[in-house]
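Read off the chains here:
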Amino acid sequence: MLDVLALIAAIAALIIIRKLQNRVNELRTRIDALEAGRPVVHAAAPAAAPGTARTEAPLAPAEAAPGPEPADASPWQAAPPSQAARPEELSPALAAAPSLAPPPEAPAARPGFEERIGTRWVVWVGGLTLALGGFFMVRYSIEQGLIGPGVRVLLGGLFALGLLVAGEVTRRKESITQISALPIANIPAILTAAGTAVAFATVYAAYALYNFLVPATAFILLGLVALGTLAAALLHGPALAGLGVVAAFATPLLVSSAEPNYWALYVYLVVVTAAAFGLARIRLWRWLAVTTIVLAFLWTLAGLAGASLAPLAFHVIAGFALAAVLVVCNFLFGPSLDDGRIEPVSSASLSAVLLATAFIVVGEGHSDAAMIVFAVLIAATLGVAWRSAAAAAAVGVASVLVGLVFLSWVVQSNPEILVVPGGALPGIGGNPLAGSVTAHLVVAALFAIGFAGGGMAAQGRSPSAAVPVVWAAAGVFTPLALLVALYARIAHLDRSIPFAIVAVLLAAAFAAATEVLTKREHRPGLAISIALFATGTLAALALALTFALEKGWLTIALALMSAGTAWISLQRPIPFLRWLAAILAGIVVVRIGMEPRIVGDAIGTTPIFNWLLWGYGVPAASFWLGSIWLRRRGDDVPLRSVESAAILFTVLLAFLEIRHAVNGGDVYRDNAGLTEVALQVCVALAMSIGLERLRRRSHSIVHNIAAVLLAVFAVLASLLGLLLLDNPLFWRIQIDGVVLNQLLLGYAAPAFLALLLSYAVAGLRRPFYANSLAAFALLMGLAYVSLEIRRLYQGPVLSVGDTSDAEQYTYSLAWLGCGVLLLGAGLLFDSQRARLASAVVIGLTICKAFLIDMSTLTGVYRALSFMGLGVVLVAIGWLYQRILFRTRPAAGDCAIAAAADGVVVESTE
């Protein structure tokens, strides 16, 4: 051990000699500069020790005007130590020369590796070594049995006292040693920290190992050591403060008792909290304040298992008072804050106490006494935040905690004490305000008035926009959350007219606040606050409808509120109102996703005029109207959301009404038939046509995409449903009627609508899209003609029976007729698309004649098939030559025609 100490001393001596040599070199450089008449620039002069004076006069004033504080600067930051003089100074001989400009400030040199080892790390390791030496000495004495327990404790105490005295002596001599230039490795602080650690261990050993001390005495002595450590931190810096606060809060864990005294515990913790907060306030140590807040909060949670309400209430109330007095900026003795903004430590100190109190309320089963304590601290939070804007964020936290506490009250409540407005539940009494309900009602009323009134009155009081917004948000959220909680607790989520009336009154109050704020002059955060109160108005109205209406009417009411919100956004151009309209639309969409029938089994069996018409038709009309109003102020995401909801509800209304009518009121039937699919395809094509027309005027991307999606759905439903899964040619499906039957609806109508759609998009979309729709129309048309012929020959069931020669010949004749009609339409309307369709149909007819008719037809039908086809083909060729593509007349014919008109044409021959 002595060899190691000698080595350490030798290394320290070498380092000191090296630093003295550097000092001599610096002085020599300054002397040379003075002799040459150059300004003397100091590389990095150490700060002057207390009681010493600088001999050089600075060229500039000693202290420049401070610049503006950064926006994110916190008052919980210690001011930088004042410097007696700037590093760049001139000698007294050159200070009077007015022509010399001050040299540029040289950056301070960072300490090198050697300096860190010699001035910092060695000191820290030395302090740790001293502390460990005390611990090892006690351990060695125990292992060897050299001295008795009493002597061991006495020696440990003397060693701790010696370290403390050494720390104080070195602190008082630091003006001579100039160790104050090394604040990170302050030797007095290290010695004092080692002494307090040894003292703490000595007291604990006397209690836990040797039973020299009773728990009360050990508790007091450990607390005094911890508090003394905190007091010493005023002189020795933050390291000692950290050691002291951890030791102080850890003391109750080290001293155990069979019958813990929670009053003594929390009185002690209040003293420790006060000392830590006081030290943090004096030295402006943010980390110490935050550490104290966290440790005090954890001790509150630790006491929930066994402590009664009284000591817990004392702990949180005293902690709140200490935080308000010493931590919150601009309230009493907290740090000063000039710009009126929210300060994190101030708000967090109050929020932590409120959170601990909320846990106490839940742990106490929402007793009246616990609710009173919670209400008092909430009211105190509003008061502190009203006077000091630095704690305004605690208002938002308080609002959320109020909602969570009442929600917990609802969840944890016993169902047997609930009473609905119409009378008592079976088996219980008829008093709805029994037990803790009365206290909760009173507290809820006070909370609602306090938060709402504060949210209204706080507008325009702060230059920071965040402060009034927090107040407004809390003022809107808290009454709504309390109303929902009370409704769930007392009305048991049943229909309640009294709660609906309260919600309407609350909506009226929010609406009045919105109007009053709208008429005020512009202040920071006012626009957002207006939007919040307007949102609260609509939310309260939605709650009123929820409380008063059945589930189906609630869906309608929310949809109407979306349109109402869109209209309000025109009268009061608050950006959030547009989003609120979209949010309400989204809520209605989610609502129908949970129960598409709106009212369950009460939907009814009457076609068209049933609950689907109200549950989907009214919201669809509401969303269409809301989209029109929203479009007047621009195209954005809320508008597109409402437009999407309008289209969705319109489509769902049509599809569900079709399904309801076809299936006798059962919208949950697991399969669809030919009629249902046919009607849905026709509706989808008709809606796509309407949306194509609408998008020409609106230029809405939602209308554009929806039109394409509906068309794609119609095509896929036709190909998979009408032509495959529900095709009466493949499956036994009854076709009633000869002409007016399902075939007309399922194949002719889609063909006609698809043709109209193809012409509606011609020139507006890509040619491929329009041509694909035209081809689909042609396919469905040919399918209708073929199936109708089958119906004429085979009767109601098309999937059975043999195909006769007459039926086969009729197919060829009908297809050929369709080709001729298409050609005539193409020539009449000059439509190339119709002529191409004619060519396709005639080509199919030719293929059928050679591939099918030639092998299956016999006798006169085969001859008539080919004869008719030949005549038509010749006629088509003649029409193309004579009408569509005429041959240009020759020169001789032109001369004859001109002579007949009296015009002389010279011959070129």
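Residues numbered from 1 in each chain as written. Predicted model: local features only at pLDDT ≥ 70, side-chain atom pairs only at ≥ 80, totals over all residues. Heavy atoms only, no water.

Is there a simple way to explain the overall build of the protein in this structure?
For the protein, the helix and strand inventory stands at 30 helices and two strands. Here the contacts in the protein between residues at least 6 apart in sequence split such that 71% fall between residues at least 24 apart. Total accessible area on the protein stands at roughly 46,300 Å², and carbon and sulfur atoms take up 69% of it. (Helix = DSSP H or I, 4+ residues; strand = E, 2+ residues; numbered from the N terminus. Contact = heavy atoms within 4.5 Å. Areas by Shrake-Rupley, 256 points an atom, 1.4 Å probe, with all protein chains shown as cover.)

Is there a simple way to think about the layout of surface pockets in this case?
The gaps left among the atoms become clear once a water-sized probe is rolled over them. Of the voids in this model, the second largest pocket is the one considered here, and its volume is about 720 Å³. Lining of the second largest pocket is provided by 26 residues; of these, Leu755, Ala774, Leu778, Leu822 and Ala837 occupy positions nearest its centre. For the lining of the second largest pocket, the elements supplying multiple residues, two or more each, are α25 (742-760), α26 (767-794), α27 (805-828) and α28 (832-856). For the lining of the second largest pocket, the leading source of residues is α26, giving nine residues. (1 Å grid on protein atoms, 1.4 Å probe; cavity = no way out; pocket = protein on both sides within 12 Å on 5 of 7 lines; lining within 4 Å. Points joined across faces, edges and corners; volume = space filled by probe spheres on them.)

Explain the environment of alanine 512 to me, please; I cannot follow it from the model alone.
Considering the arrangement of structural elements, one finds alanine 512 in helix α17 (residues 497-518). By relative accessible area, alanine 512 is classed as partly exposed at 40%. The spatial distance from the C-alpha of alanine 512 to the C-alpha of alanine 534 is 9.4 Å, given a sequence separation of 22 residues. (Buried < 20%, exposed > 50% of the residue type's maximum accessible area, 1.4 Å probe, protein only.)

Please clarify how the confidence of the model for the protein should be interpreted in this entry.
Do not read the predicted coordinates in detail wherever pLDDT is low. With 64% of its residues at a pLDDT of at least 70, the protein reaches an overall mean of 75. Across residues 887-893, where pLDDT falls below 50, the model places two contacts with residues more than four positions away in sequence or in other chains. (pLDDT = per-residue confidence, 0-100.)

Is there a simple way to explain the packing of aromatic side chains in this structure?
Any two aromatic rings considered together are summarised by their centre-to-centre distance and by the angle between their planes. Under the definition given, this model contains 15 aromatic pairs. Ring centres of tyrosine 262 and tyrosine 266 lie 6.4 Å apart, and the angle between their planes is 25°; on these two criteria the pair is classed as stacked. Residue tyrosine 262 and its partner tyrosine 266 are both found in helix α9 (residues 262-283); the two are separated by four residues, about one turn of the helix. Look at tyrosine 487 and phenylalanine 499: their rings are 5.8 Å apart centre to centre, the planes differ by 75°, and that puts the pair in the edge-to-face class. Here phenylalanine 499 lies in helix α17 and tyrosine 487 lies in helix α16 (residues 466-490), a separation of twelve residues in the sequence. Across the pair, phenylalanine 499 and tyrosine 487 agree in class, each one buried. (Phe/Tyr/Trp six-rings, centres within 6.5 Å; stacked < 30°, edge-to-face > 60°.)

Help me understand empty space enclosed by the protein in this model?
For the structure shown, the criterion picks out one cavity of 30 Å³ or more. Here the largest cavity defines a volume of roughly 170 Å³. Counting only elements with at least two residues in the lining of the largest cavity, the list comes to α9, α10 (286-303), α11 (309-327) and α12 (344-363). Tallied by class, the residues present in the lining of the largest cavity amount to twelve nonpolar, six polar and no charged. (Nonpolar A, V, L, I, M, F, W, Y, C, P; charged D, E, K, R; others polar.)

Explain the nonpolar core here, please?
One broad trend across soluble globular proteins is that nonpolar side chains are buried collectively. Core analysis: the largest hydrophobic core is formed by 139 residues, its most contacted members being Phe374, Phe406, Phe447, Phe451 and Phe623. No other element matches α16, which puts 14 residues into this core. Excluding its chain neighbours within four sequence positions, the residues that come into contact with phenylalanine 447 are Phe374, Ala375, Ile378, Val402, Phe406, Thr478 and Leu482. Listed in part, the 48 residues of the second largest apolar core include Val715, Ala777, Val785 and Leu787. (Core = buried A, V, L, I, M, F, W, Y, C linked by side-chain atoms within 4.5 Å.)

For this particular structure, what's the right way to read the side chain of glutamate 643?
Note that glutamate 643 resides in helix α22 (residues 637-662). Here serine 700 takes part through its side chain, which lies 2.8 Å from a polar atom of the side chain of glutamate 643. When neighbours within four sequence positions are excluded, glutamate 643 is seen to be in contact with Ser627, Arg631, Ser700, Val702 and His703. (Polar contact = N/O pair within 3.5 Å; in protein donor to acceptor, adjacent residues only side chain to side chain.)

How should helix α15 (residues 437-457) be read in this particular structure?
Helix length check: α15, at 21 residues, gives a terminal C-alpha distance of 30 Å against a target of 30 Å (1.5 Å per residue), a fit within 8%. Looking only at α15, the buried set comprises Val437, Ala439, His440, Val443, Ala444, Phe447, Phe451, Gly454, Gly455 and Met456. Of the surrounding secondary structure, the elements contacted by the buried residues of α15 are α13 (368-387), α14 (393-412), α16, α17 and α18 (526-548). (Expected span 1.5 Å × (residues − 1).)

Hey, could you run me through the packing of α15 against α16 in this one?
In a pair of packed helices, the angle between the axes and the distance between the axes together describe the arrangement. Direction vectors running N to C along α15 and α16 enclose 160°, while the axes themselves pass 7 Å from each other. One element, α15, and the other, α16, form an angle in the roughly antiparallel class. Between α15 and α16 the crossing geometry is left-handed. Along the contact surface, α15 presents Val437, Leu441, Ala444, Phe447, Ala448, Phe451, Ala452, Gly454 and Gly455, while α16 presents Trp471, Ala472, Ala474, Gly475, Thr478, Pro479, Leu482, Leu486, Arg489 and Ile490. In terms of residue class, the contact of α15 with α16 is made up of 14 nonpolar, four polar and one charged. (Axes fitted to C-alpha atoms, helices over the stretch in contact; angles between N-to-C directions. Parallel < 35°, antiparallel > 145°, perpendicular 65-115°, else oblique. Left-handed = near helix turned anticlockwise from the far one by under 90°.)

Even after reading the chapter, I still don't get a nonpolar patch on the surface, so can you show me in this structure?
Among the surface-exposed residues, Val712, Leu716, Leu719, Leu720, Leu724, Leu725, Leu729, Phe730, Trp731 and Leu779 lie close enough to one another that they form a single nonpolar patch of about 930 Å² accessible area. Relative to the helices and strands, leucine 779 is located in helix α26. The class of leucine 779 is partly exposed, set by a relative accessible area of 39%. (Patch = residues over 30% accessible without salt bridge, like charges linked within 9 Å, V, L, I, M, F, W, Y side chains within 5 Å. Salt bridge = Lys/Arg side-chain N within 4 Å of Asp/Glu carboxyl O.)

Please clarify how α9 should be interpreted in this entry.
Since one α-helical turn is 3.6 residues long, residues separated by three or four positions face the same way. A rise of 1.5 Å per residue sets the reference length of α9, with its 22 residues, at 32 Å; its end C-alpha atoms lie 31 Å apart and thus fit the reference within 8%. Residues of α9 that are buried include every one of Leu265, Tyr266, Tyr268, Leu269, Val270, Val272, Thr273, Ala276, Phe277, Gly278, Leu279 and Ala280, and no others. Immediately beyond the C-terminal end of α9, within one or two residues, lies leucine 284, with a positive phi of roughly 55°.

Teacher, can you tell me more about the pattern of salt bridges here?
Any two side chains of opposite charge can pair, given that their charged atoms come close. Per the counting criterion, the structure on display carries nine salt bridges. Where aspartate 636 meets arginine 578, a salt bridge forms, and the shortest distance between an N and an O atom there is 2.8 Å. Taken together, the residues aspartate 636 in the loop between α21 (611-631) and α22 and arginine 578 in helix α20 (residues 575-594) connect sequence positions 58 residues apart. By relative accessible area, arginine 578 is classed as buried at 8%. Residues arginine 631 and glutamate 643 are paired through a salt bridge, measuring 2.5 Å at the closest nitrogen-oxygen approach. One end of the pair, arginine 631, is in helix α21; the other, glutamate 643, is in helix α22, and twelve residues separate them in sequence.

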